[in-house]
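Listed here are the chains, written in short residue letters.
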Amino acid sequence: MSRLGKVNALEDASRLPNASHVRLRPEIIATPPYRQGKPAAPDAFKLSSNENPFPPLPGVIEAISAAHDVNRYPDATATALRERLAAEHGVSADEIHVGSGSVALLSQFIQAAAGPGDEVLYSWRSFEAYPGLVTVAGATSVPIANNGNGAHDLTSIADAITDRTRVVIVCTPNNPTGTIITAIDFAAFMQKVPAHVLVLLDEAYAEFVRDDTAVNGLDIVGRYPNLVVLRTFSKAYGLAGLRVGWALGSEQLLDAARASAIPLSVTGPAQAAAIASLDRSDELLSRVDVLVERRDHVVARLREQGWAIPATQSNFVWLATGNETDAAAATFTEHGIVSRPFAGAGIRLSIGEPESVDKLLAAAEVIVNSLPSGHGARTLG
Ligand SMILES: *Cc1c(COP(=O)(O)O)cnc(C)c1O
């Protein structure tokens, strides 16, 4: 067979043999592969992944292209970026750990602390990545229902801690509902968590918070030896495509994550872009102010339309459409909006380009008026 013929035969996937007899872990077979929000039609607005709608700043692009020695492996421990973050937050560089996105960090900490027979607690509904990360570690998820406002029920989470609990993940603002945890509630919660249980405070959207009662992990991490704070450059800093996140916590805990990491995952261009972004924090954070204003506008208009929506402090809003979710997502698609539906639960919509706002609101108005009376997502009639 010619080489070309062989390539063509392999490209036709229907000719690959069926591999269903290969023995895989049953819990992995039962786990659906990660599915991204639908790719947007060319003229649609992609409001499905909580990305930053602003394009990268010019200096950031330059830093990426200046990191040109990509024939070499990157600095495995992202020294310059860690030193920079450490100086900004008044800790030592060993108390910062950088990963290829904070999802990679979550995976490392879960794997470091929990294995078969161990339990990982988190609020539900929360970040869609949590269940899969726990399954891959071989551990058991214990989801604890959100309260009626879409917020964490920290009392029930603390009550659910057992001898088997190794990790508790706390997400504030919570993805997908946008609700925060107050500093007072978090302190009371930490009083109840045994010192041998690792608490991961996932603050991917911290820069969008304007409620000053909210907990801020960077302020309190020094009080709790079992607490690790997770931050990311993907959302407010607009580097989702480069994959950089960071953790702040004690050196011992971070060493356990470093031991669980796939080495050399954070690329040189990603490290350079993150440093260049910190150099331009003022400019980037004034963009966040614009998004926060846009969010507050969208929330106010949705409430006027009759939506009952949780108090979001992030760059997205949550519509608890329940059983009407599929139909509601179709209406958003018809209006040129790519939403993130969670079947049977609700729809998450990111705050995107200015031009997306009127389309979002027009679709939402059609949907709220079509919800059956007494539906939980409605405040009126
Ligand atoms: C987006 C997000 C992350 C971070 O994603 P990375 O791109 O991997 O840094 C982490 N936690 C939550 C809750 C998120 O929504």
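The structure displayed is predicted, hence computed values, not measured ones. (Residues numbered from 1 in each chain as written. Predicted model: local features only at pLDDT ≥ 70, side-chain atom pairs only at ≥ 80, totals over all residues. Heavy atoms only, no water.)

Engineer: I'd love a proper account of the overall build of the protein, names of residues and values included.
Structural biologist: Looking only at helices and strands, the protein has 14 helices and 12 strands in total. Against the 2.2 N^0.38 benchmark of 21 Å for 381 residues, the protein shows a C-alpha radius of gyration of 22 Å, consistent with a compact globule. For the protein, the spread of C-alpha atoms along the three principal axes comes to 70 × 60 × 50 Å. For the protein, the residues scored as buried account for 48% of the 381 residues in total. Partitioning the intrachain contacts of the protein with sequence separation of at least 6 by distance along the chain shows that 72% fall at a separation of at least 24. Each charge class in the protein can be summarised by its mean position, and for the 31 positive and 41 negative side chains these summaries are 7 Å apart. (Helix = DSSP H or I, 4+ residues; strand = E, 2+ residues; numbered from the N terminus. Rg over C-alpha atoms; globule rule 2.2 N^0.38 Å. Buried < 20%, exposed > 50% of the residue type's maximum accessible area, 1.4 Å probe, protein only. Contact = heavy atoms within 4.5 Å. Lys, Arg positive; Asp, Glu negative; His and termini not counted. Charge placed at Lys NZ, Arg CZ, Asp CG, Glu CD.)

Engineer: Mind laying out unusual backbone geometry, listing which residues take part and the relevant values?
Structural biologist: Trans is the prevailing form of peptide bonds, just as negative phi is the prevailing case for residues other than glycine. Cis geometry is found at the peptide bond from threonine 172 to proline 173, where omega equals -10°. One can find proline 173 in the loop between β5 (165-171) and α8 (183-192). In this model, asparagine 175 is joined to proline 176 through a cis peptide bond whose omega is 15°. Locating proline 176 in the fold gives a position in the loop between β5 and α8. A positive phi is found at asparagine 50, a non-glycine position, where the angle reads about 55°. Tracing the backbone shows asparagine 50 in the loop between β1 (45-46) and α3 (58-66). You will see that leucine 264, though not glycine, has its phi angle at about 65°, which is positive. Mapping leucine 264 onto the fold places it in the loop between α10 (251-260) and α11 (268-279). Overall, the relative accessible area of 34% leaves leucine 264 in the partly exposed class.

Engineer: Account for the packing of aromatic side chains, with residues named and values stated.
Structural biologist: Applying the stated rule across the entire model yields 7 aromatic pairs. Ring geometry for tyrosine 122 against tryptophan 124: centres 5.8 Å apart, planes inclined by 65°, an arrangement best described as edge-to-face. Judged by its relative accessible area of 26%, tryptophan 124 is partly exposed. Here the aromatic rings of tryptophan 318 and phenylalanine 342 are separated by 6.0 Å at their centres, their planes lie at 50°, and the arrangement is tilted. (Phe/Tyr/Trp six-rings, centres within 6.5 Å; stacked < 30°, edge-to-face > 60°.)

Engineer: Give a description of the pattern of salt bridges that names residues and reports values.
Structural biologist: If you walk through the whole model with that rule in mind, you get 13 salt bridges. The closest approach of N and O atoms between lysine 46 and glutamate 51, which form a salt bridge, is 2.9 Å. In this structure, arginine 164 engages glutamate 119 in a salt bridge whose closest nitrogen and oxygen atoms are separated by 3.1 Å. Pair noted here: arginine 164 is in the loop between α7 (154-159) and β5 and glutamate 119 is in strand β3 (residues 119-124), with a separation of 45 residues, a long-range link. Each of Arg84, Glu88 and Asp279 takes part in salt bridges that share partners, so that together they form one network. (Salt bridge = Lys/Arg side-chain N within 4 Å of Asp/Glu carboxyl O.)

Engineer: Outline the layout of surface pockets, supporting the account with residue identities and numerical values.
Structural biologist: Rolled over the atoms, a probe with the dimensions of a water molecule shows which regions are left empty. By volume, the largest pocket amounts to about 1200 Å³. Every residue lining the largest pocket is counted, 39 residues in all, and those nearest its centre are Tyr34, Phe127, Glu128, Ala129 and Arg340. For the lining of the largest pocket, the elements supplying multiple residues, two or more each, are α5 (102-113), α6 (130-137) and β11 (340-342). When its residues are assigned to classes, the lining of the largest pocket shows 18 nonpolar, 12 polar and 9 charged. Of the pockets and cavities examined, the second largest pocket occupies roughly 380 Å³. Secondary structure elements with two or more residues in the lining of the second largest pocket: β2 (96-99), α5 and α10. With 4 residues, α5 is the single largest residue contributor to the lining of the second largest pocket. Class assignment for the residues of the lining of the second largest pocket results in 9 nonpolar, 10 polar and 3 charged. (1 Å grid on protein atoms, 1.4 Å probe; cavity = no way out; pocket = protein on both sides within 12 Å on 5 of 7 lines; lining within 4 Å. Points joined across faces, edges and corners; volume = space filled by probe spheres on them. Nonpolar A, V, L, I, M, F, W, Y, C, P; charged D, E, K, R; others polar.)

Engineer: Lay out the sheet that holds β11 in plain terms, naming residues and giving numbers.
Structural biologist: Spatially, the 3 strands line up as an open sheet ordered β9-β12-β11, and their pairing is antiparallel. Of all the strands in the sheet, the pair left with one neighbour each is β9 (316-319) and β11. Neighbouring strand axes in the sheet, compared pairwise and without regard to direction, differ in orientation by 20° on average. Looking at chain direction, β9 and strand β12 (residues 346-350) are connected through 4 bridges and run antiparallel. (Pairing = 2+ DSSP bridges. Axes fitted to C-alpha atoms, helices over the stretch in contact; angles between N-to-C directions.)

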